[in-house]
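Listed here are the chains, written in short residue letters.
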Amino acid sequence: MSFCAPCLSAGRVRLVMEGALTARDRVGVQDFVLLENYNSEAAFIENLRRRFRENLIYTYIGSVLVSMNPYKELEIYSKQQMDRYRGVSFYEISPHIYALSDNTYRAMRTERKDQCILISGESGAGKTEASKKILLYYAVTCPTNDHMAALGDRLLQSNPVLEAFGNAKTLRNDNSSRFGKYMDVQFDFRGAPVGGHILNYLLEKSRVVHQNHGERNFHIFYQLLDGGEDDQLNTLNLERNPQNYRYLVKGNCPRVSSISDKNNWKVVMKALPVIGFTEEEVQKLLNIIASVLHLGNTQFGEGEEGETYITTEISNLARLLGVDGSALREALTHKKLTAKGEEMITPLNFEQAEAARDALAKAVYGRTFTWLVEKINQSLALKVHSKGSSVIGLLDIYGFEVLQHNSFEQFCINYCNEKLQQLFIELTLRSEQEEYETEGIAWETVQYFDNKIICDLIEEKHKGIISILDEECLRPGETCDVSFLEKLEDTVGGHPHFVTHKLANGKTRRVMSREEFRLLHYAGEVNYNVNGFLDKNNDLLNRNLKEVMCQSDNQILSHCFRREEVIDQKRPEMAATQFKNSLMKLTEILRSKEPSYVRCIKPNDAKQPGRFDEVLVRHQVKYLGLMENLRVRRAGFAYRRRFEAFLQRYKPLCPETWPNWHGRLADGVLTLVKHLGYKDEEYKLGRSKIFIRFPKTLFNTEDALEAKKPEIGKHIRAVLVFIRACVYIYIVIVIQSGWRGMKARRRAKRRRQAADLIRRFIKGFIYRHGEYGPENDYFLDHVRYSFLKNLRKNLPKSVLDKSWPTPPPSLDEASEHLQRLHMRNMVTKYCWRVQPEWKKQMMQKVVASEIFKDQKDSYPQSVGKLFLDSRLEREQISLKVVQTLGNDKVQYGVSVIKYDKRGFKPRPRQLLLTNTFAVLVDKTKIKQRIDYTALRDIALSSLSDGMCVLHITREDNKQKGDLLLHCSHSIELVTKLAMMANKTSNVNINPGSIQFTVARGKEGIIDFVRGAELKVTKGRRGHLLVPVKESLLPAW
Ligand SMILES: Nc1ncnc2c1ncn2[C@@H]1O[C@H](COP(=O)(O)OP(=O)(O)OP(=O)(O)O)[C@@H](O)[C@H]1O
Ligand SMILES: [Mg+2]
């Protein structure tokens, strides 16, 4: 193999993969697949140790994350760190739980496939911490709204509650999860968390009644006693000292320095309402916790005849359980049996009574725990069904357990691990094989241990250990744990993974007791002591105790103990079978999802930071099957990368690919590796990826790149200068040509638009008489628009201007409305402008018009002349007359000729009008007063003379009778008089003559004739004759 740059020391383990990793990140290999000696456990552990020393707790095996428990807080979980890992490719950055979380999340989003993260490891290795970090990462980084934020809150808050009830201090972990947990987080189509669901597995109920030395019961008991208010404890009849409770003293470890029960209690009490607990539910829950403690303190005595009785007070216990005291007492000391259809009650002996009490405590606590999980699930449930939602499942389940004394629980736990290992191998191999298939690379068979044989040994129907255990529990006759062991020996004795004291060879026999059987698990050998297997598998609670519990008035307990359970004669499934079935379901769930793995390792048993216990770590590496894992992953090739990523990184190493490769990616990669001198057996090209068989090949390439960097830097700087100059010139040219182009484009666009317009216009004109439609709409709109625009400019300016533009036919009606509106508008404006004086004049003119228009010949002449306020100056009216009139002010005065009614003698007089009457004045004397109330009407001729007759009512004796007057301003006079006297409708225009009353019963007549002279004479038959000369100016 040859490189274009000198190789660096080949033996040195290159620490680099890709991306901008800091020197600190480059300790050991970040991915075990790059270990040269991948079969060496020592090399594996050395790599773990080197990284652990630098606080680099995460390392990959391909896509599997190996996590070491640092036993100290590291500054690697901040929000900045989360941001650092968001959307970044797995290999571009140092390994982290966030990288795995992000990668899983993005795979779910892009591939629309449900994912799951399987976290495994020994007790205390950091599984629960890892799962919390993953949840926190999603809660912080996923898109969210108010509702989702509340959900995220509930997801996070459910943790302390579950931990309080399901975790306990053990020798190996101060906060050990004593149940398996699988949690689904549901995401909607936008990738926001919208729901969650928890499945719980096999709570270690035996801890409720017994703890090994140095261990504790579940945290919640200590939290309640330490953190509960005095009142609360009084109500529950509890004392603060845990030493007073038998269920809390077995391990002799009431307090743990690393745990603050008081603070944790506060956290739990705060969390309960958040996840939807009502105050009443919290109280019921506390009653149950307290009842378990009281149950533990319930003591029995033995009577002389061997009968058992309760020696302690149980009223509080009954109250807290919500059941009848005497029924409880009876049920704790007796057993109900059904034999041949008959019910029998038999007393329990001392041991049996204690066992019944403990069974009740375990059942109450275990079932309450399941209820709690259900309750949390209700609070996390998807509220609205979200289309296109996907799921990420998190499995935090017990790792392989090998204790000094391994019992039924360890058997179940290790069986669970066998199943998960089986799934792990199956899925890892499957995904490897699939990748090879898609890339078109021949699959090379991988040697690995298939643990199916162990799974079958445990779970096979009728022949497996679980079936044998069930049979032994159900079999009539004398059965005990030892008979179970014998049955095992009979049935599976020859199995290569099974051995007992009896079947073992001398060497093994020495390390096994007679009550043990040994399983050769994939991870190693474990001896199980059969003591308690039958009881634990039976998990029996006496029927009469169940009956009492069904009647509890505590809603949580009545929910947990169903009446149907008592009525149903069918025996419930045994504990191991239940567990087996739930594991089957779990593997189904996991199989339907794309898995990722976190393998947790604890560095020491002392829970101390910085201590790397090699033996312990080796043990875990073995039990976790990590070497197997690495072998499968390294089956063919150590390293694989997409063509573009590989080319992008290493292209500077080959003149043909540097600075850019313009051909097919595969050809580029081939050119590059040929130039680097890769031998055929060192690599393979797939469809989209290059596979490199040995890490060494990759390290050499990395070294070459490192050596080439200064040269690349120089080249890049020169290129940058050149590019900058080019960019400048380019910008100038681009701007110039862009500007010209833009102008030309605009011109062409405008021309196109104009031609379009003209076409539409002509077409519209042709169809202008048609219905309004697409053919003529433009034209008709245009005509309307033009009319309105023209009208706006040519609106009449005065009320007298009657001009109006001719509208198009379609606007006839609108035009009329507009004209009317405009006129009204002008009139209104005109009226606002009119002065009071002018208004008076106008009103008089309007009245004159109503009376005289088209009635009297002299009217048209009067129109253009203003009516005066008075035709007499003030000094022309006698002061004496004014004084006589007193308060009645003269409103109008005019000179008139009064004709006598008999002789028609003309007499010059003044006619003065006041508001209520008129007077005829001869110089200083009032000759006649005419009250307006007495004025019947005013008569005039239709000609242009100035005669008018005021007809006075005859009934009024005070009046002197009709008045014949001639006035040069007759129209003005009559208008004012008619208005003042309110007689405008009593003005009569007569064409030929006017009658008047001379004296009582005697009538006179005025005849009007057209004549040459204006002379009023007495005519024939005593008529007054008024000739009217047409050519003369008429009197108005
Ligand atoms: N990433 C971490 N950073 C700091 N401390 C950690 C980390 N992981 C684990 N620990 C410490 O180790 C302790 C045990 O971890 P954890 O409870 O997660 O173990 P586990 O694997 O869930 O054990 P078990 O099976 O008993 O439940 C934690 O309480 C914490 O003190
Ligand atoms: Mg845990």
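Structural data are supplied above this passage.
These numbers come from a predicted model, not from an experiment.

Colleague: When you look at the overall build of the protein chain in this model, what are you seeing that I'm missing?
Modeller: Of the regular secondary structure elements, the protein chain holds 35 helices and 31 strands. Over its C-alpha atoms, taken along the principal directions, the protein chain stretches across nearly 180 × 95 × 55 Å. The burial tally for the protein chain puts 51% of its 1036 residues in the buried class. Excluding contacts between residues fewer than 6 apart, the proportion of contacts in the protein chain whose partners are at least 24 apart in sequence is 64%. Counting only carbon and sulfur atoms, one obtains 52% of the accessible surface of the protein chain, whose full area is about 51,500 Å².

Colleague: Sorry, what's going on with the nonpolar core here?
Modeller: As a rule of thumb, nonpolar side chains are buried together in soluble globular proteins. Leu 328 and Phe 517 are the most contacted members of the largest nonpolar core, which has 200 residues in total. Looking at this core, the element that brings in the most residues is helix α14 (residues 350–380), giving 14 residues. Core analysis: the next-biggest nonpolar cluster, separate from the first, contains 33 residues, Tyr 859, Ile 938, Val 974 and Val 987 among them.

Colleague: Even after reading the chapter, I still don't get helix α25 (residues 614–623), so can you show me in this structure?
Modeller: The periodicity of an α-helix, 3.6 residues per turn, causes residues three or four places apart in sequence to face the same way. Among all positions of α25, only Leu 616, Val 617, Gln 620, Val 621 and Tyr 623 are buried. Check the buried side of α25 and you find it contacts α1 (41–53), β2 (64–68), β15 (524–529), β16 (594–601) and α26 (626–633). Capping the start of α25, Asp 613 holds a side-chain oxygen 3.2 Å from the backbone nitrogen of Val 615, two or three residues further along. Downstream of α25 by one or two residues, Gly 625 has phi in the positive range, about 70 degrees.

Colleague: What should I look at first to understand the pattern of salt bridges in this one?
Modeller: Any two side chains of opposite charge can pair, so long as their charged atoms come close to each other. If you walk through the whole model with that rule in mind, you get 57 salt bridges. Between Glu 588 and Arg 591 there is a salt bridge, with the nearest N and O atoms lying 3.2 Å from each other. In this pair, Glu 588 and Arg 591 both sit in helix α24 (residues 575–591), three residues apart, roughly one turn of the helix. Of the residues examined, Arg 591 reaches a relative accessible area of 29% and is grouped as partly exposed. In this structure, Asp 900 engages Arg 907 in a salt bridge whose closest nitrogen and oxygen atoms are separated by 2.6 Å. The structure contains a network of salt bridges with shared partners spanning Glu 41, Glu 46, Arg 49, Glu 614 and Arg 618.

Colleague: Explain the packing of helix α7 (residues 219–227) against helix α10 (residues 261–274) here, please?
Modeller: The axes of two packed helices give the description: the angle between them and the distance between them. Closest axis-to-axis distance for the α7/α10 pair is 8 Å, and the angle between their directions is 100 degrees. Judged by the angle between their axes, α7 and α10 are roughly perpendicular. Between α7, through Ile 220, Tyr 222, Gln 223, Leu 224, Asp 226 and Gly 227, and α10, the contact on the second element is made entirely by Asp 261, Lys 262, Asn 264, Trp 265 and Val 268. In the contact of α7 with α10, the residues fall into five nonpolar, three polar and three charged.

Colleague: Would you mind showing me how to read the site of ligand 1 here?
Modeller: The environment of ligand 1 is made up of 18 residues, and the closest members are Ser 123, Lys 127, Thr 128, Ser 176 and Ser 177. Contact between ligand 1 and Ser 176: an oxygen atom at 2.5 Å from a side-chain N or O atom of the residue. Starting from 630 Å² of accessible surface for ligand 1 in isolation, the protein chains cover 88%. For the shell around ligand 1, the elements supplying multiple residues, two or more each, are α4 (127–141) and β5 (176–177). For the shell around ligand 1, the element with the highest residue contribution is α4, accounting for four residues. Within the shell around ligand 1, the residues separate by chemical class into four nonpolar, nine polar and five charged.

Colleague: What exactly am I supposed to notice about the sheet that holds strand β6 (residues 180–187) here?
Modeller: Reading across the sheet, the seven strands line up as β1-β2-β16-β3-β12-β6-β7 and stay open at both edges, with mixed pairing between neighbours. For this open sheet the edge positions go to β1 (58–61) and β7 (193–201), each flanked by a neighbour on one side alone. Put simply, the sheet's adjacent strands are angled 20 degrees from each other on average, direction ignored. Contacts between α4 and the sheet are confined to β3 (115–121), β6, β12 (390–396) and β16, with β3 contributing the most and set at about 155 degrees to the helix. Contacting β6 and β7, α14 crosses the sheet at an angle of about 170 degrees to β7.

Colleague: Help me understand the packing of aromatic side chains, please; the structure alone is not making it clear to me.
Modeller: Aromatic ring pairs are described here by two measures, namely the spacing of the ring centres and the angle between the planes. Scanning the model with the defined rule gives 35 aromatic pairs in all. An angle of 65 degrees between the planes, with centres 6.0 Å apart, marks the rings of Tyr 137 and Tyr 138 as edge-to-face. Grouping residues by exposure puts Tyr 137 and Tyr 138 together as buried. Centroid distance Phe 400 to Tyr 623: 5.2 Å. Interplanar angle 70 degrees. Geometry classified as edge-to-face. Pair noted here: Phe 400 is in the loop between β12 and α15 (408–439) and Tyr 623 is in helix α25, with a separation of 223 residues, a long-range link.

Colleague: For this particular structure, what's the right way to read the packing of helix α32 (residues 836–852) against helix α35 (residues 970–980)?
Modeller: The contact between α32 and α35 brings their axes to 10 Å, and the two run at 105 degrees. Taken together, the axes of α32 and α35 are roughly perpendicular relative to one another. Every residue of α35 that contacts α32 at Met 843, Gln 844, Val 847, Ala 848, Ile 851 and Phe 852 is listed here: Ile 971, Val 974, Thr 975, Lys 976, Ala 978 and Met 979. Across the contact of α32 with α35, the residue classes tally to nine nonpolar, two polar and one charged.

Colleague: Even after reading the chapter, I still don't get a nonpolar patch on the surface, so can you show me in this structure?
Modeller: Taken together, Leu 757, Ile 758, Ile 762, Phe 765, Ile 766 and Tyr 767 make up a surface patch of nonpolar side chains, about 600 Å² in accessible area. Along the polypeptide, Ile 758 turns up in helix α29 (residues 695–766). Judged by its relative accessible area of 51%, Ile 758 is exposed.

Colleague: It is not clear to me how the sheet that holds strand β23 (residues 925–931) should be interpreted in this structure. Could you clarify?
Modeller: Two strands in a sheet stick together by hydrogen bonds in their backbones, pointing the same way (parallel) or opposite ways (antiparallel). Taken together, eight strands build an open sheet; the order of strands is β23-β22-β21-β20-β26-β25-β24-β27 and the sheet is mixed. What marks the edges here is a single partner per strand, and that holds for β23 and β27 (987–990). Averaged over all adjacent pairs, the angle separating strand axes in this sheet is 35 degrees, with direction ignored.

Colleague: Please clarify how the coordination of the magnesium ion (ligand 2) should be interpreted in this entry.
Modeller: By definition of the ideal shapes, four donors in a tetrahedron about a metal sit 109.5 degrees apart, and six donors in an octahedron sit 90 or 180 degrees apart. In this structure, Thr 128 (OG1) and Ser 177 (OG) serve as the protein donors to the magnesium ion (ligand 2), at separations of 1.9 to 2.0 Å. Of this pair, Thr 128 sits in helix α4 while Ser 177 sits in strand β5; the two residues are 49 residues apart in sequence, bridging distant segments of the chain. Residue Ser 177 is classed as buried on the basis of its relative accessible area, which comes to 17%.

Colleague: What am I meant to see in the environment of Arg 664 here?
Modeller: Checked against the element boundaries, Arg 664 lands in the loop between α27 (643–650) and α28 (665–676). With 21 residues separating them along the chain, Arg 664 and Phe 643 place their C-alpha atoms 9.8 Å apart.

Colleague: Where do I start with the pairing of β6 in this structure?
Modeller: It is a general feature of regular strands that their side chains alternate between the two faces of the sheet. Across the eight residues of β6, eight count as buried, placing the element largely inside the fold. Burial of the side chains of β6 extends over both faces: Gly 180, Tyr 182, Asp 184 and Gln 186 are buried on one face and Lys 181, Met 183, Val 185 and Phe 187 on the other. Examined bridge by bridge, β6 and β7 share eight bridges and lie antiparallel to one another. Paired with Lys 181 across the two strands is Asn 200, which belongs to β7. Between β6 and the antiparallel strand that follows it, β7, lie five residues; Gly 191 among them carries a positive phi value of about 90 degrees.

Colleague: What should I look at first to understand a negative patch on the surface in this one?
Modeller: Taken together, the side chains of Glu 302, Glu 304, Glu 305, Glu 307 and Glu 351 make up a negatively charged region of the molecular surface. By secondary structure assignment, the location of Glu 305 is in the loop between β8 (300–302) and β9 (308–310). Accessibility expressed as a relative area gives 77% for Glu 305, which makes it exposed.

Colleague: Any chance you could explain the side chain of Glu 439 here in plain terms?
Modeller: Along the chain, the position of Glu 439 falls in helix α15. No salt bridge forms around the buried Glu 439; measuring N to O, its nearest opposite-charge neighbour Lys 689 is 5.0 Å away. A polar contact of 2.7 Å, which involves the side chain of Glu 439, links it to the backbone nitrogen of Arg 687. Polar side-chain contacts of Glu 439 include one of 3.0 Å to the backbone nitrogen of Lys 689. With residues up to four places along the chain from it excluded, the contact list for Glu 439 reads Gly 686, Arg 687, Ser 688, Lys 689 and Phe 691.

Colleague: How should I be thinking about a positive patch on the surface in this particular structure?
Modeller: A cluster of basic residues, Lys 743, Arg 746, Arg 747, Lys 749, Arg 750, Arg 751 and Arg 752, forms a positive patch at the surface. Mapping Arg 746 onto the fold places it in helix α29.

Colleague: Where do I start with the environment of Lys 889 in this structure?
Modeller: Within the secondary structure, Lys 889 is located in the loop between α34 (879–885) and β20 (892–899). Sequence-distant contacts of Lys 889, that is, excluding residues within four places in its chain, are made with Leu 913, Thr 914 and Asn 915.

Colleague: It is not clear to me how α15 should be interpreted in this structure. Could you clarify?
Modeller: With 32 residues, α15 should cover 46 Å at 1.5 Å per step; its first-to-last C-alpha distance of 46 Å lies within 8% of that length. The element α15 is extensively covered by neighbouring structure, given that 25 of its 32 residues are classed as buried. Positive backbone phi, at 70 degrees, marks Gly 440, one or two positions downstream of α15.

What counts and what doesn't
- Residues numbered from 1 in each chain as written.
- Chains lettered and ligands numbered in written order.
- Predicted model: local features only at pLDDT ≥ 70, side-chain atom pairs only at ≥ 80, totals over all residues.
- Heavy atoms only, no water.
- Helix = DSSP H or I, 4+ residues; strand = E, 2+ residues; numbered from the N terminus.
- Buried < 20%, exposed > 50% of the residue type's maximum accessible area, 1.4 Å probe, protein only.
- Contact = heavy atoms within 4.5 Å.
- Areas by Shrake-Rupley, 256 points an atom, 1.4 Å probe, with all protein chains shown as cover.
- Core = buried A, V, L, I, M, F, W, Y, C linked by side-chain atoms within 4.5 Å.
- Polar contact = N/O pair within 3.5 Å; in protein donor to acceptor, adjacent residues only side chain to side chain.
- Salt bridge = Lys/Arg side-chain N within 4 Å of Asp/Glu carboxyl O.
- Axes fitted to C-alpha atoms, helices over the stretch in contact; angles between N-to-C directions.
- Parallel < 35°, antiparallel > 145°, perpendicular 65-115°, else oblique.
- Nonpolar A, V, L, I, M, F, W, Y, C, P; charged D, E, K, R; others polar.
- Near = heavy atom within 4 Å.
- Pairing = 2+ DSSP bridges.
- Phe/Tyr/Trp six-rings, centres within 6.5 Å; stacked < 30°, edge-to-face > 60°.
- Patch = residues over 30% accessible without salt bridge, like charges linked within 9 Å, V, L, I, M, F, W, Y side chains within 5 Å.
- Donors = N, O, S within 2.8 Å, 3.2 Å for Na, K, Ca; no water.
- Lys, Arg positive; Asp, Glu negative; His and termini not counted.
- Charge placed at Lys NZ, Arg CZ, Asp CG, Glu CD.
- Expected span 1.5 Å × (residues − 1).

All we've got here are geometric facts, nothing functional implied.
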